[in-house]
Amino acid sequence: MNFTRRQWMGAGAAGMLGTVATGMKLNPLAQAMAATEMDANAQLAALKSFTGKVPHATHYGPLVATVEQGRIVHIEAQASDKMPTAMLTEGVLDRTYDKTRVVGPMVRKSYLEWEQNGRKGSNKPELRGKDEWVQVGWDTALGLTAKAILDTIEKYGNEGCFSSSYGGWSHAGIFRPNVLQGRFFNLLGGSSMTTGDYSAGAGQVIMPMVIGDMEVYSAQTAWEQLRDHTELVVFVGCDPDKNNRIEYTVPDHEMYSGWEAIKKAGCRFISINPQVTTTDEKMGSEWVRIVPNTDTALFMAMGYHLLSQNKHNQAFIDKYTVGFDKYRAHLEGKDGTPPKTPAWAAKITGIPAAKIRSLAELMASKRTQLCGSWAIQRAHHGEMPYWAIVNFACILGNIGLPGQGVGFSWHYGGGGMPQSGGTAPTGLSQGRNPVKKICPASRISEMLLNPGQEFTYNGSKYTYPQAKLIYNAGNNAFSHQQDLNELARAIHSVDTIICQEPWWNGSARWADIVLAATTTVERNDITSAGTYSIDKVYAMKQIIAPQFDALDDFEIFRRLASLCGVEYAFTEGKTQMDYVKAAYEASSAAPHMPFDQFWAEGMARIPVPPEAHKWVRHGDFRADPAKHPLHTTSGKIEMYSSTIAKMNIPDMPPMPTWQEPGEYLGNARKGQVHVVSPHPYWRLHSQMNNSERLRKRYTIQTREPLTISVEDAKQHNIRNGDLVELYNERGAVVVGARVSDKIMPGVVSLYEGAWPQLDSKGRCNNGLVNFLTSSRRASGLTQATTANTCIASLRKCTDADPGGTKAFDPPKIVKSNIQFDEKFFGVERAAALREKATASMSPAEKIFYQRCTVCHGPRDPGHFTEKQWQGITPSMFQRAGLNADEQKIVLDFLLQNAKH
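Residues numbered from 1 in each chain as written. Predicted model: local features only at pLDDT ≥ 70, side-chain atom pairs only at ≥ 80, totals over all residues. Heavy atoms only, no water.

Okay, the packing of aromatic side chains next. Per the counting criterion, the structure on display carries 38 aromatic pairs. The lysine or arginine in question, Arg-245, covers the ring of Trp-682, its NZ or CZ lying 4.8 Å from the ring centre. Over the ring of Trp-344 we find Lys-340; its NZ or CZ atom is 6.0 Å from the centre of that ring. (Phe/Tyr/Trp six-rings, centres within 6.5 Å; stacked < 30°, edge-to-face > 60°. Lys NZ or Arg CZ within 6 Å of the ring centre and 35° of its normal.)

And the structure:
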């Protein structure tokens, strides 16, 4: 690593662990650094010899690391973490030193030879995932990276560079790799990129049209309101116990005591789910088994029953909704379709008609909170169950009442924790992206296979870019994309795949250039706790020196920016610690604690006002719909949408409608099973799969566990602990059987996020479910993922490769000191690009691109309509921490540039 004095002062002594409040005793590392007089080599030596304790924060919780001679030996949770998990105390340590670490910049052998030959012949894309790697120096790796980017732009335009780095889930702080990547590319004229996301791609498009807000990323009613008012909580695929273990920022796990208090107050819980969850076990939920992908039929039938018994709330419907007459006619079969009776739904859902009727009447007689999961909208026609749940809540008439109504984020981000209303630390601006070519997140394979093809998204028509370079920073695309065998074929059309990554996960193995990035414990950063509460700010202090020959993401992009002549525009002359300090000073914690004290102690609080504990989702709308209209076309809840009707999208009806999924138990062949793929219990998607101690807690014969019913296991002569092959026309995986009476017959459950490793027969030997899932879209409206619409066959596996999974064995690597003449890279070509791209932004653009585009949601004003922006921005502004003046200037900008 070669640091300049200025860089080391920012990334090192001034920030490693050193700044402390006047009068406070310097910790041992700070003393060691102070004694070195800022010499970079001495600073690094001090870091490598440091012994002591250091606070940090992660997606798994806030921690204190014990360091001995520069190596982490123990991790414990900070006191603010109310329910620490082994992901924090074991996983963070394991993965830091795991054999899967990328030890330096790498170039795939065949790709390097192709570059050496002047790009003549083939780069042998078919060898991605199989080829050996060449470890090179950073000058060579970054030179080849810059050359590939400039070659692509020169031949295909900026749209030829495609960013698959959409989520920022790899890093909890302000230096999220996807944001830094966007900042770098936009200084060169931008790139094509994804829109929407895998988490809730269908919900985030349909809900603003129905109820005026994304809902999936919106705060939930304060939990005290459920404790004091709710009689019945209905979990619809929702599992807050498991999924709140991790968070987009930092989980403090404070909502767990809230759920316990709600249960203790006497609340009843019902779970509509094909399997029992850990939430159900803790809450004592009544389990109602349902055929996967049929929730729409259930809620339509429950609505029909209440209408037939005159137990609906007509007064609420008249005052707060539009389109009820059309929806009622559809439920009652007066539009030429069958009546949506409980008997009709029983044949679809597998729930007896009598049970459907009793559920409807129970929910109508109790103060009921409906908790919908993101999982149910990750399905073919995934928009429909969300809309059907909202319409059913309208029939109940309880939306906006204390402890009642509907929510779609109880399982995420500490949903239910009271909100501070404060400002979290925010980082760098991505800047304006001049390239308007997009690809919905789940459609990458389709884009690569069909460049230039027209598609619809959110009611508008687009054409896919011709992507010839994929840049993937901090995002494991070769895990969460569906039908991975299709993706492996699709990337043959791509010249270059660049992956910026600390570990040899799927995305790194299928790349051409891998830039070795540090983990978060090897860099300084700042973050907050509570996606919705935003009541704490955490210091992410660097704990240890960068391992091997890795660089942090900021430094990687700074060096790339330097090569391309845009370093100052990228850094603005500031160090990372300059940005950390500025982010803290702009947060709502700053008035309550000086930065030096915060950095020394590791955490500062943001006060939560008393009134936040009384907040009710949709409460203002309920109290006065004229004064607080929803941001829908009508200002009310749209049980039928004339806006969607006008779009005339064949697979997107204008009201909740039962549409048979492309594959589900209702059309499966005999013996086939429906595969559901929930979020893991011991991971964050694919993160932590390389923790050996965590794997020992759940794997079976080293593979992912497949939960299978007692009945299905008996039918296929499978016993607990056997290896099982799960397969369909798209692919096959080898997994371990976990026989259970807590999953319904005909359904198997396989956690998503395993790392891939193909065995001698082409099966994933580690159980990555996305070799089975379909790349079918949810609809022409949302183009969202349908991962939970998946049918497969299973059999006992008797021909597994010996030795278990090899997913965590590093690939074959050879070292090389190969160097190229600087002229070979042709970086002077960047001059014309940067001149065109670095025009100044307006104040509104600066605020929007800096603070509102760093997480989930739209990143271009033209992607959403005025009404949609009006619905999205309240929760977006709250998470971005904009004051009233900033909100106005950004909203004006968005409305002026919205889709018309």
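There's plenty left to go through after this.
Looking now at the packing of helix 13 (residues 295-308) against helix 18 (residues 383-396). One way to put it is that helix 13 packs onto helix 18 with a least axis distance of 8 Å and a crossing angle of 20°. On the basis of the axis angle, helix 13 is roughly parallel to helix 18. Like other packed secondary-structure pairs, helix 13 and helix 18 cross with a definite hand, here left-handed. In this structure, helix 13 uses Asp-295, Thr-296, Phe-299, Met-300, Met-302, Gly-303 and Leu-306 to contact helix 18, whose residues at the interface are Met-384, Pro-385, Ala-388, Ile-389, Phe-392, Ile-395 and Leu-396. Each residue belonging to the contact of helix 13 with helix 18 can be placed in one class, and the counts come to 11 nonpolar, two polar and one charged. (Axes fitted to C-alpha atoms, helices over the stretch in contact; angles between N-to-C directions. Helix = DSSP H or I, 4+ residues; strand = E, 2+ residues; numbered from the N terminus. Parallel < 35°, antiparallel > 145°, perpendicular 65-115°, else oblique. Left-handed = near helix turned anticlockwise from the far one by under 90°. Contact = heavy atoms within 4.5 Å. Nonpolar A, V, L, I, M, F, W, Y, C, P; charged D, E, K, R; others polar.)

Moving on to the sheet that holds strand 28 (residues 747-750). Whether parallel or antiparallel, the strands of a sheet pair through hydrogen bonds between backbone atoms. Taken in spatial order, the six strands of this closed barrel run 24-28-25-27-26-29, and their pairing is mixed. Between one strand and the next, the sheet's axes are offset by a mean angle of 45°, whatever the strand orientation. Of the pairings in the sheet, the one linking strand 24 (residues 673-676) to strand 29 (residues 791-796) comprises two bridges and is antiparallel in character. Within strand 29, the position partnered with Val-673 by the bridge is Ala-792. (Pairing = 2+ DSSP bridges.)

A few words on helix 16 (residues 342-349). Counting buried residues along helix 16, six of its eight residues qualify, which places the element largely inside the surrounding structure. Pro-342, Trp-344, Ala-345, Ala-346, Ile-348 and Thr-349 are the residues of helix 16 that are buried. Those residues of helix 16 that are buried lie in contact with helix 13 and helix 17 (353-365). At the exit of helix 16 stands Gly-350, carrying a positive phi of roughly 80°. (Buried < 20%, exposed > 50% of the residue type's maximum accessible area, 1.4 Å probe, protein only.)

The next thing to look at is the pattern of salt bridges. Two side chains bearing opposite charge may form a pair once their charged atoms approach each other closely. Tallying each qualifying case throughout the model produces 49 salt bridges. In this structure, Lys-742 engages Glu-281 in a salt bridge whose closest nitrogen and oxygen atoms are separated by 2.7 Å. Highlighted residues: Lys-742 in the loop between strand 27 (731-740) and strand 28 and Glu-281 in helix 12 (residues 278-283), separated in sequence by 461 residues. According to the relative accessible area criterion, Lys-742 is partly exposed, its value standing at 37%. Note that Glu-332 and Arg-328 form a salt bridge whose closest N and O atoms lie 2.9 Å from each other. Under the relative-accessibility criterion, Arg-328 is labelled partly exposed at 24%. Salt bridges linked by common partners bring Glu-115, Arg-119, Lys-147, Asp-151, Glu-154 and Arg-829 together as one network. (Salt bridge = Lys/Arg side-chain N within 4 Å of Asp/Glu carboxyl O.)

Take the sheet that holds strand 8 (residues 232-236) next. Within the open sheet, the five strands sit side by side as 10-9-8-12-13. Their pairing is parallel. Unpaired on one side and paired on the other, strand 10 (286-288) and strand 13 (405-407) mark the two borders of the sheet. Taking the axes of each pair of neighbouring strands and ignoring which way they run, one obtains an average angle of 20° across the sheet. Pairing analysis gives five bridges linking strand 8 to strand 12 (residues 368-372), with the strands arranged parallel. Considered in strand 12, the bridge of Val-236 is made with Gly-372. Seen against the sheet, helix 13 touches strand 8, strand 9 (268-272) and strand 12 and runs at an angle of roughly 130° to strand 9. Each of strand 8, strand 12 and strand 13 is contacted by helix 18, which is oriented at about 175° to strand 12, the strand it contacts most.

To continue, consider the pairing of strand 20 (residues 525-529). Across the five residues that make up strand 20, a large majority, five, are buried. Alternating positions in strand 20 separate into two faces, Asp-525, Thr-527 and Ala-529 on one and Ile-526 and Ser-528 on the other, with burial throughout. Of the pairings in the sheet, the one linking strand 20 to strand 21 (residues 536-540) comprises five bridges and is antiparallel in character. From the neighbouring strand, Ala-529 faces strand 21, where its bridge partner is Lys-536. From the end of strand 20 to the start of strand 21, which pair antiparallel, there are six residues, and Gly-530 there has a positive phi angle of about 85°.

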